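# Notes for the structure review
Residue-level listing of the chains:
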Amino acid sequence: MRTKAKDQHYIANTYVRHELAAEEGKGAEILGEDGKQYIDLGSGIGVNLFGTADPLWTKAVTDQLHKIQHISNYYYTQPQTDLAQMLCQKTGLEKVFFSNSGAEANECAIKCARKYAFDRYGQGRSVIITLEQSFHGRTMATLSATGQESMHDAFFPFLPDFVHVPPNDLSAMEAALQGNVCAVMLELVQGEGGVVVLDQEYVTAVTQLCAEKDILLIIDEVQTGNGRTGSLYAFMQYGILPDLVTTAKGLGGGLPIGATLMGEKVKDVFSAGSHGSTFGGNPVCAAGAVNVLSRLDEVFLAEVVRKGELLRATLHGAPGIHGISGLGMMIGIHTTKDPRDVAAQCLNKGVLVLTAKEKVRLLPPLTITDAELLRALDILKGVLAS
Ligand SMILES: *Cc1c(COP(=O)(O)O)cnc(C)c1O
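The shown structure was predicted, so the numbers you read here are calculated from the model rather than taken from an experiment.

## Focus: the environment of A21
Tracing the backbone through its elements, the reader meets A21 in the loop between α1 (2-10) and β1 (22-26). Considered as a pair, A21 and G35 are 14 residues apart in the sequence and their alpha carbons are 10.0 Å apart.

## Some details on the nonpolar core
Ranked by internal contacts, the top residues of the largest apolar core, which has 76 residues, are M173, V184, L362 and L380. If you look at the next biggest cluster of nonpolar residues, it comprises 22 residues, including Y116, I128, L244 and M262.

## Comments concerning helix α10 (residues 283-295)
With 13 residues, α10 should reach 18 Å at 1.5 Å per residue; the first-to-last C-alpha distance of 18 Å fits that figure. With respect to burial, α10 is a largely interior element, 11 of its 13 residues being buried. Where α10 is concerned, the buried positions are P283, V284, C285, A286, A287, G288, A289, N291, V292, L293 and R295. For α10, the side-chain oxygen to backbone nitrogen distance between the N-cap and V284 is 2.9 Å, and the N-cap itself is N282.

## A closer look at the sheet that holds strand β17 (residues 359-362)
The antiparallel open sheet is built from 4 strands, whose spatial order is β13-β14-β17-β16. At either end of the open sheet lies a strand with only one pairing partner, and these are β13 (323-327) and β16 (354-356). On average, each strand axis in the sheet is inclined to that of its neighbour by 30°, with strand direction left out of account. Two elements, β13 and strand β14 (residues 330-334), share 5 bridges in a ladder whose sense is antiparallel. By the bridge assignment, S325 is partnered in β14 with G332.

## Observations regarding the packing of helix α11 (residues 298-315) against helix α13 (residues 370-385)
Running from N to C, α11 and α13 cross one another at 30°; their axes reach a closest spacing of 11 Å. One way to sum up the angle between α11 and α13 is to call them roughly parallel. Along this stretch, α11 crosses α13, giving a crossing that reads as right-handed. Residue-level inspection shows R306, K307, L310, L311, T314 and L315 of α11 in contact with α13, the latter providing D370, L373, L374, L377, L380 and K381. Among the residues making up the contact of α11 with α13, the classes are represented as 7 nonpolar, 1 polar and 4 charged.

## Points about the site of the ligand
The environment of the ligand is formed by S101, G102, A103, N106, F135, H136, G137, E187, D220, V222, Q223 and K249. The separation between a nitrogen atom of the ligand and a polar side-chain atom of D220 is 2.8 Å. For the ligand, an oxygen atom lies 2.7 Å from a polar atom in the side chain of K249. Protein contacts shield 81% of the accessible area of the ligand, which totals 380 Å² for the unbound molecule. A per-element tally of the shell around the ligand places helix α5 (residues 102-121) first, with 3 residues. Among the residues making up the shell around the ligand, the classes are represented as 3 nonpolar, 6 polar and 3 charged.

## A look at a nonpolar patch on the surface
A contiguous nonpolar patch, built from I68, I71, Y74 and Y75 and spanning about 470 Å² of accessible area, is present on the exposed surface. Examined against the element boundaries, Y75 turns out to sit in the loop between α3 (55-67) and α4 (78-91). Judged by relative accessible area, which is 53%, Y75 ranks as exposed.

## Notes on the pattern of salt bridges
Throughout the structure, instances matching the rule amount to 12 salt bridges. The salt bridge partner of K4 is E19, with a shortest N-O separation of 2.8 Å. With a gap of 15 residues between them, K4 in helix α1 and E19 in the loop between α1 and β1 connect regions that are remote in the sequence. Overall, the relative accessible area of 47% leaves E19 in the partly exposed class. Between D63 and K59 there is a salt bridge; the shortest N-O distance is 2.6 Å. Here the residue D63 and the residue K59 both occupy positions in helix α3, the gap between them amounting to 4 residues, near one helical turn. Within this structure, R120, D214 and K265 form a network of salt bridges that share partners.

Rules used in this analysis
Residues numbered from 1 in each chain as written. Predicted model: local features only at pLDDT ≥ 70, side-chain atom pairs only at ≥ 80, totals over all residues. Heavy atoms only, no water. Helix = DSSP H or I, 4+ residues; strand = E, 2+ residues; numbered from the N terminus. Core = buried A, V, L, I, M, F, W, Y, C linked by side-chain atoms within 4.5 Å. Buried < 20%, exposed > 50% of the residue type's maximum accessible area, 1.4 Å probe, protein only. Expected span 1.5 Å × (residues − 1). Polar contact = N/O pair within 3.5 Å; in protein donor to acceptor, adjacent residues only side chain to side chain. Pairing = 2+ DSSP bridges. Axes fitted to C-alpha atoms, helices over the stretch in contact; angles between N-to-C directions. Parallel < 35°, antiparallel > 145°, perpendicular 65-115°, else oblique. Left-handed = near helix turned anticlockwise from the far one by under 90°. Contact = heavy atoms within 4.5 Å. Nonpolar A, V, L, I, M, F, W, Y, C, P; charged D, E, K, R; others polar. Near = heavy atom within 4 Å. Areas by Shrake-Rupley, 256 points an atom, 1.4 Å probe, with all protein chains shown as cover. Patch = residues over 30% accessible without salt bridge, like charges linked within 9 Å, V, L, I, M, F, W, Y side chains within 5 Å. Salt bridge = Lys/Arg side-chain N within 4 Å of Asp/Glu carboxyl O.

Interpretation note: all reported values are geometric properties and have no functional meaning in isolation.
In structure tokens, the structure reads:
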């Protein structure tokens, strides 16, 4: 593979890549440089919600591209305002800050929480509680928030005042919620941490405790958001209204965009100059996101729920599968095999799957057909059984 050789020579060694150079695709199908067809059960880590080169999404993006590709945030642009209005009206949050990635969306939420506490209480209320096995990004602040020691090697010192507690352990959380805490940040389904779903009772109790103590609740929906779990955002299934919601991955449908949604308490924390981004809310990315959100209606989301159930029913109890976790079309498969070997073997047989810790992880395009899904799961089951 010419592409592989060039990559290894010129690109930093941060990724262990699989043996595929993707060239093009259509929906859930990917065509490799090798001329082989693949079924995609990863959607670029939950990014390509409508699969590859979806015609309606492509049209929305290219129409905008022909009008204006960028102008600075010193001016107004329609796609950005349309997107912000949709996000607020659909979620019950009040204002949005746009950035370009999940890490940046979380970075903004962290800054917002610290400023909220500073404005109200002065210094000394800067601690942010996150969960063990969480993943919030790769920048220094979001890595400090991330509760995975393995990612912390060699990059010390981190930002102070991030405390990690075990997921679904209410007494550990209660003990951590001292007077110096400004926010709790959670993924409702931990994605990179192994597709771990938080318990309803735990989330309800943490939400209540935070509200009582004026501690902000930040929900990181970078991976769970935008229809992935069967509701537009996962927090809606939990019956809570967070103070801050961050999202990215699927939001742009394949283009880089992040959003930090701010509730009533924090919507006016930032003033002119207190935060910013050159590319944030870029009109082409925003046009892609407007197309995504306008299509994630009740009927579409009901299909996500149905396909999620089909996925579980098809995998349940199959040889080599020791359990299934997740929500909607965000699935973790517990296997005793090395998940990276499973992913490599699936790729060999024409199916792209992801891994998360000790699990095989599936984040199929939400538009995948039943036939494609069943064909791919058949191959996956074969690999897991062997
Ligand atoms: C992927 C992810 C991030 C980081 O997003 P980037 O766009 O890679 O910066 C943050 N939080 C969660 C929950 C994620 O899944």
